[in-house]
Structure formats: C-alpha cells, structure tokens
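What follows is the residue order along each chain.
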Amino acid sequence: MIHSLARWRCFGALLLLSGASALGTSAQGQALFFEGGPPQLRIDRFVPGSSSATDVDKSTVLSYERAQAPGPRLKVVVSAPAVSPSASNERFELQVEALAPTAGTPQGQIRLRESMPPTDLIRGIEPCKGKNAQSKACEEQATLRYQMRATVESGPGQNEHVIQYTLQTQ
Amino acid sequence: MSSRPTRLLSCFLAGFLIWVAAGKALAQENAKRHAVTTAVSEHTAIRVAPASRFTAGPRASGVVSSTYEIVSNVPADQQVIASIKGTPPPGVSVWVEIEPPAGADATKEEEVQLLSPDGPTGPQTLLTGIGQVSEAGLNISYTTEVTVGVEPGSKQIRLNFEIVE
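Only a predicted model underlies this, so the values are computations on that prediction, with no experimental measurement involved.

A.B. asks: Quick question: what am I supposed to make of the nonpolar core here?
C.D. replies: Across soluble globular proteins, nonpolar side chains have a tendency to be buried as a group. If you look at the biggest cluster of nonpolar residues, it comprises 57 residues, and the most contacted ones within it are Val76 and Tyr146 of chain A together with Val94 and Val96 of chain B. Beyond its immediate stretch of four places on either side in the chain, tyrosine 146 of chain A contacts Pro39, Leu41, Val56, Asp57, Leu94 and Val96 of chain A together with Val36 of chain B.

A.B. asks: Can you walk me through the sheet that holds strand E4 (residues 78-85) of chain B in this structure?
C.D. replies: Within a sheet, neighbouring strands are paired by backbone hydrogen bonds and run either parallel or antiparallel to one another. Here 4 strands make up an open sheet; going across it, the order is E6-E9-E4-E11 (chain B) and the pairing antiparallel. Of all the strands in the sheet, the pair left with one neighbour each is strand E6 (105-106) and strand E11 (158-164) of chain B.

A.B. asks: Is there a simple way to think about the environment of proline 39 of chain A in this case?
C.D. replies: Looking at where proline 39 of chain A falls in the secondary structure, it is placed in the loop between strand E1 (32-36) and strand E2 (40-43). By the C-beta count within 10 Å, which is 24 here, proline 39 of chain A ends up buried. In sequence terms proline 39 of chain A and glutamate 126 of chain A are 87 residues apart; their C-alpha atoms lie 28 Å from each other. If sequence neighbours within four positions are ignored, proline 39 of chain A has contacts with Asp57, Ser59, Thr60 and Tyr146 of chain A together with Val36 of chain B.

A.B. asks: Can you help me understand the sheet that holds strand E7 (residues 110-112) of chain A in this one?
C.D. replies: Residue and element names in this part refer to chain A. Taken together, the 5 strands give an open sheet; going across it, the order is E1-E3-E9-E5-E7, and neighbouring strands pair in antiparallel fashion. Only two strands of the sheet have a single neighbouring strand rather than two, namely E1 and E7. Neighbour-to-neighbour, the strand axes of this sheet turn through a mean angle of 35 degrees, independent of strand direction. The pairing of strand E5 (residues 93-99) with strand E9 (residues 139-151) spans 7 bridges and is antiparallel. Among the inter-strand pairings, glutamine 95 is bridged to a residue of E9, identified as glutamine 147.

A.B. asks: When you look at the pairing of strand E3 (residues 63-72) of chain B in this model, what are you seeing that I'm missing?
C.D. replies: One face of the sheet, then the other: side chains in a regular strand alternate in exactly this way. Residues and elements named next belong to chain B. Here strand E2 (residues 44-48) pairs with E3 via 5 bridges, running antiparallel. Note that in E3 the partner of alanine 45 across the bridge is valine 71. Strand direction decides the pairing type here: E3 and strand E10 (residues 133-146), joined by 9 bridges, are antiparallel. Residue pairing in the sheet places tyrosine 68 in a bridge with leucine 138 of E10.

A.B. asks: Hey, could you run me through the pairing of E2 of chain A in this one?
C.D. replies: The two faces of E2 of chain A differ: Leu41 and Ile43 of chain A on one face are buried, but Gln40 and Arg42 of chain A on the other face are not. In this structure, E2 of chain A lies alongside strand E1 (residues 31-40) of chain B, joined through 4 bridges in parallel fashion. In the strand pairing of E1 of chain B, isoleucine 43 of chain A is matched with valine 40 of chain B.

A.B. asks: Is there a simple way to explain the environment of valine 48 of chain B in this structure?
C.D. replies: Residues and elements named next belong to chain B. Relative to the assigned elements, valine 48 resides in strand E2. Sequence-wise, valine 48 and proline 152 are 104 residues apart; in three dimensions their C-alpha atoms are separated by 27 Å. Each residue touching valine 48, except ones within four places of it in the same chain, is listed here: Ser66, Tyr68, Ile140 and Phe161.

A.B. asks: Would you take a moment to explain unusual backbone geometry for this structure?
C.D. replies: Outside of glycine, negative phi angles account for most residues, and trans bonds account for most peptide bonds. Residue and element names in this part refer to chain A. Following glycine 37, the chain continues into proline 38 via a peptide bond in cis, with omega recorded as -5 degrees. Along the chain, proline 38 turns up in the loop between E1 and E2. Here alanine 69 and proline 70 are connected by a cis peptide whose omega angle stands at 5 degrees. With respect to the helices and strands, proline 70 occurs in the loop between strand E3 (52-65) and strand E4 (74-79). Positive phi values are uncommon outside glycine, yet alanine 100 reaches one of about 45 degrees. Topologically, alanine 100 is positioned in the loop between E5 and strand E6 (105-106). On the basis of neighbour count, alanine 100 is assigned to the exposed category, with 9 C-beta atoms found within 10 Å. Unlike most non-glycine residues, serine 115 shows phi in positive territory, near 65 degrees.

Thresholds, definitions, all that
Residues numbered from 1 in each chain as written. Chains lettered and ligands numbered in written order. Predicted model: local features only at pLDDT ≥ 70, side-chain atom pairs only at ≥ 80, totals over all residues. Core = buried A, V, L, I, M, F, W, Y, C linked by C-beta atoms within 7 Å. Buried ≥ 20, exposed ≤ 12 C-beta atoms within 10 Å, placed from the backbone. Contact = placed C-beta atoms within 7 Å. Pairing = 2+ DSSP bridges. Helix = DSSP H or I, 4+ residues; strand = E, 2+ residues; numbered from the N terminus. Axes fitted to C-alpha atoms, helices over the stretch in contact; angles between N-to-C directions.

Written out as structure tokens, the structure reads:
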C-alpha cells in the first residue's frame with residue numbers, strides 16, 4: 001500500500017513536470033518568428049563595365065522575445081544548414097544584417113555560406129522586466145536586410161537558401 | 001521488491017530524463033528557418049554611342065569614331081552583328097571597324113562594309129567569341145565614302161547592332 005502510494009506520488013510529479021514542460025514549450029514557441037517575406041532577390045541587369053550587380057530585400061521582420069527578468073542575456077545567431085550535399089548554393093553571394101533591432105546590438109553584415117557555423121547576428125539582448133513600448137510582453141523586432149551579389153561570370157540561374165535563426169543564451 | 005532509495009532514484013532519473021527532453025524541445029522551439037530565393041536573369045546588351053556627323057568631301061577625312069559598351073552573363077559563344085536600318089541614301093558607302101572586348105575576336109582585321117553605293121550589304125558579323133563580358137568605352141570607328149553623283153546636303157544613316165548566339 002505504501003509502495004503504491006509512492007509510485008502514484010512519483011507518477012504525479014512526473015505528470016506535473018511534463019505539463020510544465022509542455023506549457024514552457026508552448027510559451028517558448030513564440031520566442032522567435034518571422035513577419036513578412038519570404039525574401040526574394042533578383043538581378044535582371046548588369047551595368048556595362050561593372051563585373052557585378054547587387055539586389056536588396058528588406059521584406060522580413062524578425063521578432064524575438066527577451067527572457068523574463070532575472071533571466072539570462074540572449075543573442076540571435078544565424079546559420080545556413082546544408083539542404084543537400086550535392087546542391088551548391090555558393091553561386092551567388094548572400095549576406096544578412098539585422099537593421100535597427102529594438103533590443104540588443106546588431107553585429108553587422110554576415111556572409112551566409114552553406115554549412116557555416118552559427119554566427120552572432122544580435123548580441124546583448126537584456127532580460128525584460130515588464131512590457132515594452134508596444135505593450136507586447138518583451139517582444140522585440142529587427143528588420144532583416146538581405147543583400148545578394150552576382151558577377152557576370154556566375155551566369156544566370158536561381159538558388160534556394162535555407163537560413164536558420166536561433167535565440168539562445170549569450 | 002525495491003528499496004525506498006532505489007525507488008526515489010528511479011523517480012529522480014525519470015524526472016531528469018523528462019527535463020532533458022523538455023530542454024531539447026525548448027531549444028528546437030527557439031530556432032526558425034526560412035527560405036531565401038536568389039535569382040539572376042539572362043542579360044545581354046550592346047549600346048553604341050551616337051557618332052558625330054560624317055562629312056564627305058574634298059577636305060574631309062571620312063572617318064569618325066565613337067565608343068560602345070557590351071555586357072552579357074550568358075555562358076555561350078555569341079556574335080555581334082551589324083546592319084543598316086531603314087533606307088539609306090544612294091551613293092554612300094559605310095565601313096565599320098570595332099575593338100573586340102576581352103576574349104572576343106574581330107571577324108576581319110580590316111573594316112567591314114555595311115553599305116555600298118548600291119545599297120546595304122546585309123547583316124555582317126563584326127565580332128565572334130563573345131562570352132561572359134562586361135566592358136565599356138570600347139572603340140568603334142566608321143569610314144564613309146560618297147560618289148560624285150550624291151547631292152550635297154545632310155542625310156541620316158542608322159546602324160543596328162545586336163548580339164546573337
């Protein structure tokens with residue numbers, strides 16, 4: 001009887017832990033998301049005498065949530081996971097930059113290469129003590145500015161790049 | 001029959017595993033991916049700056065120069081073809097000589113005739129071997145000659161340049 005009670009206690013504790021984890025996951029599901037996009041960059045012409053051309057896309061806003069005080073300071077890192085080992089997406093140069101983040105410090109332009117290690121995009125995102133100016137609990141934003149560059153020698157064509165953003169403890 | 005410490009340890013271990021799994025789930029939820037499309041269109045263009053007036057006569061050299069620019073990102077063997085556009089005045093001859101961009105060749109080492117006193121000679125290939133190129137300020141020169149039967153005055157001759165594969 002005593003053993004059975006202990007088992008139920010253990011089961012109950014595990015159930016509570018699972019529930020808390022599930023709630024935590026649900027809350028954290030909004031920790032990082034995109035608004036707008038998807039980014040599409042296209043070069044239709046080259047200026048004669050110039051060997052390269054560029055295009056810029058600022059259609060996507062990255063929303064990220066600060067940790068609740070006294071939580072940790074966070075950062076956003078960017079990476080470009082390899083989609084297919086055979087597909088080469090290095091034909092055109094692609095860079096990303098976080099413009100005017102409402103929290104944290106932007107780290108400038110980052111060259112995106114397939115299988116690159118995670119690289120800091122925004123650092124120093126301080127924990128949140130209450131609501132921000134938009135009355136959204138600790139939600140911050142930055143415009144993602146993508147820039148592509150192609151050379152005359154890279155020829156015509158199209159590439160799909162998968163870009164991953166991760167919010168993590170700094 | 002397990003002892004109380006063993007049961008506690010089992011419960012703690014199970015809890016730890018759930019916590020680790022939840023931590024992993026949290027980490028996954030903090031990452032988002034999106035696709036970025038980059039594309040480049042085929043672009044081929046040649047632009048010839050207008051030449052100054054050709055003057056034919058006793059004190060005229062009959063040669064005028066200009067420049068042109070050319071760009072192509074198409075990885076193919078292309079040519080520049082020139083022809084007379086519209087109806088030219090009779091009794092006039094026009095030759096053209098063009099500086100090839102890097103990697104290309106002029107069809108002939110001398111000038112190519114586009115117009116004879118009897119009329120246009122038809123489309124003429126000026127350059128071959130044009131690949132992926134982007135150059136500006138290349139030289140192009142025209143030589144004119146008129147027969148004595150041509151009445152004095154000003155006439156316009158329009159030339160057409162195009163890049164073809």
